[in-house]
Structure formats: C-alpha cells, structure tokens
Amino acid sequence: MSANGDVPEIEIVGVTKRYGEARAVLDSIDVVIEKQEFVSIIGPSGCGKSTVLKLIAGLSSPSSGTIRVDGMTPLNARETVSFVFQDATLLPWRTVKENIGLGMELERAPKDRREKEIAMLLELVGLKPVSDSYPRELSGGMKMRVSIARALATHPRVMLLDEPFAALDEMTRDRLNEEILRLRTEQKWTAVFVTHSVPEAVFLSDRILVLAPNPGRVHAEFRVDLPMPRTPAVRRSKEFDTLASHVAHTLRETIPQ
Amino acid sequence: MKRRAITVLNALIVFAAFLFLWQIILWIFHVPRFMLPSPYAVALAVLARFPSLMNALAITAEESAGGLIASIVVGVFVALVFAQSRWVRKMLYPYTLLLQTVPIIAIAPLILMWMGAGMPAVTLIAFIISLAPIIANTTQGLISVDENLVHLFLMHNASSRQILFKLRLPNAIPNLFVGMRIASGIAVIGAITGELFAGSGRVGEGGLGYSILYASSQLQTEYLFALVLAATVLGFAFLFLIMFLEWYFLHKWHESARAVEIE
C-alpha cells in the first residue's frame, strides 16, 4: 500500500500508557523503527515490553501520544502486521494446514490462493510431513513453527513477536533463531521482537532497546554491528560475547533494588 | 484389545458374585419373595413380560430422548445469547441456577395439571431438568477462550460472527459434551419422575415410572425389579451413546477424549 520510502515503518511519539489511576506502565516513550529493521526489546518483568507490542498492534490504545505504522493508525495498519504470541496459540481443533490458513481465511482470501500459500509455507518452515497433524501431536518447537508460518501467510510488512521462543529448550531456540533470520532475509519484513534472553536479542537484532520498569521507559539502546548473515559461528565470536556482556550489564542496572 | 477383554471379564465376575451373594442372602434369611425375589425369578419375569417391559422402556426412552434433544437445542441457543455480553449473563444467569435448584418433584404435578397427563408433559419435565447443565457448561466453553486467540482473530480483522463460529463455538464443544453427559442421566430420571406422577394418557400403556408404580401397588416385585433393571440399562445406553459421540468428535484433537477410555 503506502510505499512511501521516507516514512519510518513504526513511529512511537511521546506514548504513555496507564491503566486507570495506577502508575504508568509506559512513560512517554519515543521509538522510531525503520523499514526492514530488526529491533529487540529487552527488560525485566513489568517494564511494559509486551505493552509496546500491543500498542503497535492496536490491541491496546495509548493514554497519550501517537503511534504510526507505515504512516497509518495501528488499527488501519493491521493488514500489514502479524503477531506471534508467546505460546503458539494454535486452534487445537484444526490441523497444521488449517491453522496456517486461518489468517487468510479470516481475511477471506480465495481458496485456491490459500492452498498454494499453505503448500509454500509448509515447505518453507519444514512442516510438510505433519501438515495433517493436530497441534496436540506436535512438539513445542513445531507448534511455534506453525505459529510463525501462520503469521507469514498474510504477507506482513511488520512482524511483532512476543517472547515466541521463551518456552523452548535452548537447542530448539537457537535453531528457530537462525530460521527467523533466514525468513526475514528472504521476505524483508520489519521485526519487533520482545525477549528475556540477551544472547537471543544480540544474535537476531540490528538494534536492541533496553527498557526499565516503574514506569516503563527506554533505558538504553544498542546497535548490533555483527556481520550478516548471522551464522552459528557469529555466536562464538569475541564481538558477540563483548556486546552480550555489555547488554547484560546494562540490563542488570534496570532491575530495581 | 486384551486389556479390554480383561476389563469386561472383571466386570462379569463382579456381577456374578453380586448375584450369588443376593441368592445366598435369600437362602439364609428366608426373605419372602414379595420383599426380595431371587435373581432367577427376576429373569423369569423379564422373559414372561418382555413385550410390555420393552413397551414401557420405549415410551420412557422416547420421552427422555425428546427432553434431552430439546434441552441441547435450547441450551446451546441460550448459551450463545449469554456469550454475547457480560451484562446479559449477569442479568439472566441466576435464573438458570433457579432452573437447577427448583425441585423437579415439586413442579412435576404443576406441569401435569397444566398440560394434562401424557408424553408431552413428561417430555417437558425431562427437558426442564436437563437444561441447566447444558446452559452452564456451554456458556463456560464459549466465554473461556484464550485471550491471545481473540487477539489473533482481531489482528486479522475478524468479524464478531467469525469469532463466534470459528473460535468460541468450537472451543465450547468439549464443554457441551460434559453438559450432555450430565444431562443424559438426569433426563431419564426426569422422565421417570414425571411418569410417577403422570402415568400415561392411556391406562396400561405408561412408561417405566408408571409401570414401577403399578407393579409395586400389585406387589409384583419380580417385575418391579425387572423395571428397575430396564431403567438402569436405559440410563447407561444414553450415557454410552453420548460418550461415543464425544469420542467420535473429539478424539483427534482434544485431550479429554482419550481419558474416556476405561483404564
């Protein structure tokens, strides 16, 4: 739609969010995310990092300030945005195939186009052998693949990911991290990725925002200049370690005593 | 398969032991047969009066099935209304509790007075008594949807119709089956209770409840036992039918469906 080159993908200006009379969850946040940027948000519990995603998705509205996605209000921009939740949030009564097709179905895409898209995505995320299985039969990592495939099915320009790999074991998590980067390189979407894991944030991101709680605010910002593509070797490099320990140290400052 | 055979065998052994104990008690205490007939005498009564027993069973089965099916249709509809808003729920939910707490024995005579004795009145009683568990369980299933799934649907600009039919309703199917399982048992109890008061439009052609009343007044204790047996079989048949349907529709995706199988 709006292929306006100079509009940033996501613009958050002076956004405060509070529930009722309580202390603000987020206090005048300013964040600009460029097109095709991969930004991770990290911070202790209660810093409002999930709230940021909900605001961008239009699932919650700011108490004050403005948010623009691709130059539009979050509600109007929904067609260009996909959300990946912490637990895979699949429909248990639908097979893998039918779950991947859900978003397209809700948006009333024609059936033949849906089937073509599903076949392509099954191939892309390596789920072809289980396409007719129900979520109950899948491992946590597989479920998350389905969830990611479902999000990609509607060709989003923006992917919002809310701790998608938090519940997975480390090996599966590393594999999916590499896969996310591969998909993003191929499909060129913008990503806002909420996580608890410093190594994950460093490995994936172009930029890391560290949030501090009470009230939620941006405490620090890191640019990640590690080489692309990020191969597993990058994880073992000295630069990776230096940046990770730096981020971890900054993160520790934000935890209230 | 082998384990299932052993389960059946165990059940049969327990049943045989029960019959044996029953017979022993008769021999030791010399209980008069109008108080407690022997298992053999009950079996003879079943055979001798098989057509009338089946007739009574069929009438009660029809009334309970009619009441149960009506309660499922109406109950799901009411639950769909309840699921629309918290406000509606708060206003109307207390009345479904009323439905559950009002003693059916107390209102059965009223219904019979209004509608006249006969199958429609008894079916209505079976319907009333089985309605509350259907409403309560289905409503629970419709409203207890994972918040993130609702968010997911909203992200794809889903209409409220889509959210209802593609998310809430499928989510409520397991709950509906729980409600149906409870309702199937009490629908039979409701029908028999209704018959105890109503009997039948035509003398001598009532269902199990009517026949139980008649047999006890005539001191036909063997036949009375046969009727009780028939009522139990009917309740079981309903329950198994529902459990089969539950397994059939849910076993592919729902966790509980696997637990239905007897260990």
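Residues numbered from 1 in each chain as written. Chains lettered and ligands numbered in written order. Predicted model: local features only at pLDDT ≥ 70, side-chain atom pairs only at ≥ 80, totals over all residues.

*Asks:* Any details on the domain arrangement of chain B? Residues and values, ideally.
*Replies:* Each assigned domain of chain B is listed with its residue range as follows: domain 1 (1-31) and domain 2 (38-259). With centres defined by C-alpha atoms, the gap from domain 1 of chain B to domain 2 of chain B works out at 30 Å. (Domains from an automatic or database assignment.)

*Asks:* An account of the sheet that holds strand β4 (residues 64-69) of chain A is needed here, citing residue identities and associated values.
*Replies:* Residue and element names in this part refer to chain A. Ordered by their spatial adjacency, 3 strands build an open sheet running β2-β1-β4, and the pairing between neighbours is antiparallel. What marks the edges here is a single partner per strand, and that holds for β2 (26-33) and β4. Each strand of the sheet is rotated relative to its neighbour by a mean of 15°, with strand direction disregarded. Relative to β4, strand β1 (residues 10-17) is paired through 5 bridges, and the arrangement is antiparallel. Of the residues in β4, the one forming a bridge with Glu11 is Arg68. Across the sheet, helix α1 (residues 49-57) lies against β1, β2 and β4, angled at about 120° from β1, the strand it touches most. (Pairing = 2+ DSSP bridges. Helix = DSSP H or I, 4+ residues; strand = E, 2+ residues; numbered from the N terminus. Axes fitted to C-alpha atoms, helices over the stretch in contact; angles between N-to-C directions. Contact = placed C-beta atoms within 7 Å.)

*Asks:* Account for the nonpolar core, naming residues and giving values.
*Replies:* In terms of nonpolar packing, the biggest core is built from 79 residues, with A:Ile56, A:Phe83, A:Ala149, A:Leu160 and A:Val192 touching the most fellow members. If one sorts the elements of this core by residue count, helix α5 (residues 140-152) of chain A sits on top with 6 residues. What A:Ala149 contacts, discounting residues up to four positions off in sequence, is A:Ile100, A:Leu121, A:Val125 and A:Leu127. The next biggest cluster of nonpolar side chains, apart from the first, holds 53 residues, and it includes B:Phe82, B:Ile125, B:Phe177 and B:Leu227. (Core = buried A, V, L, I, M, F, W, Y, C linked by C-beta atoms within 7 Å. Buried ≥ 20, exposed ≤ 12 C-beta atoms within 10 Å, placed from the backbone.)

*Asks:* Residues and numbers for the confidence of the model for chain B, please.
*Replies:* Residue and element names in this part refer to chain B. Residues with a pLDDT of 70 or more make up 94% of chain B, whose mean pLDDT is 88. Per-residue pLDDT, averaged within each element of chain B, yields its smallest value for helix α11 (residues 256-259) (54) and its largest for helix α3 (residues 50-82) (94). Taken together, the chains of this predicted complex give a pTM of 0.85 and an interface ipTM of 0.89. (pLDDT = per-residue confidence, 0-100.)

*Asks:* Which residues make up the sheet that holds strand β9 (residues 217-223) of chain A, and what values go with them?
*Replies:* All names here are of chain A. Spatially, 6 strands are ordered β5-β6-β7-β3-β8-β9 in an open sheet, and the strand pairing comes out mixed. At either margin of the open sheet sits one strand with a lone partner, and together these are β5 (81-84) and β9. Neighbour-to-neighbour, the strand axes of the sheet open up by a mean angle of 15°, direction not taken into account. Of the strand pairs in this sheet, β5 and strand β6 (residues 158-162) are connected by 4 bridges, and their pairing is parallel. Bridging across to β6, Phe83 finds its partner in Leu160. The sheet contacts of α5 involve β5 and β6, and relative to β5 the element is tilted by about 170°.

*Asks:* Please set out the interface of chain A and chain B residue by residue, giving values where relevant.
*Replies:* Taken residue by residue, the interface counts 16 residues in chain A and 17 residues in chain B. Among the elements of the structure, β5 and α3 (102-106) of chain A are those that each provide at least two residues to the side of chain A that touches chain B. Among the elements that line the side of chain A that touches chain B, the one with the most residues is β5(A), at 3 residues. Residue composition of the side of chain A that touches chain B, by class: 9 nonpolar, 4 polar and 3 charged. (Nonpolar A, V, L, I, M, F, W, Y, C, P; charged D, E, K, R; others polar.)

*Asks:* Help me get a handle on helix α1 (residues 2-29) of chain B, residues and values and all.
*Replies:* Residue and element names in this part refer to chain B. For α1, with 28 residues, the first-to-last C-alpha span of 41 Å sits near the 40 Å given by 1.5 Å per residue. For α1, the tally of buried residues reaches only 0 of 28 residues, placing the bulk of the element at the surface. Looking at the residues trailing α1, positive phi occurs at His30, about 50°. (Expected span 1.5 Å × (residues − 1).)

*Asks:* Describe helix α4 (residues 86-101) of chain B, with residues and values.
*Replies:* Residue and element names in this part refer to chain B. For α4, built from 16 residues, the straight-helix expectation of 22 Å at 1.5 Å per residue is met to within 8% by its first-to-last C-alpha distance of 23 Å. The sharpest bend along α4 measures roughly 40° and falls at Leu92, with the proline Pro94 sitting one to four residues further on. In terms of burial, α4 is a largely surface element, 1 of the 16 residues being buried. (Bend = angle between axes of the 7 residues up to and from the residue.)

*Asks:* Let's hear about unusual backbone geometry: which residues, and what values?
*Replies:* All names here are of chain A. Residue Pro215 follows Asn214 across a cis peptide bond; omega there is -10°. With respect to the helices, strands and loops of the structure, Pro215 is situated in the loop between β8 (207-212) and β9. Of the consecutive residues Met228 and Pro229, the connecting peptide bond is found in the cis state with omega at -5°. Within the chain, Thr89 stands out as a residue other than glycine whose phi angle is a positive 45°.

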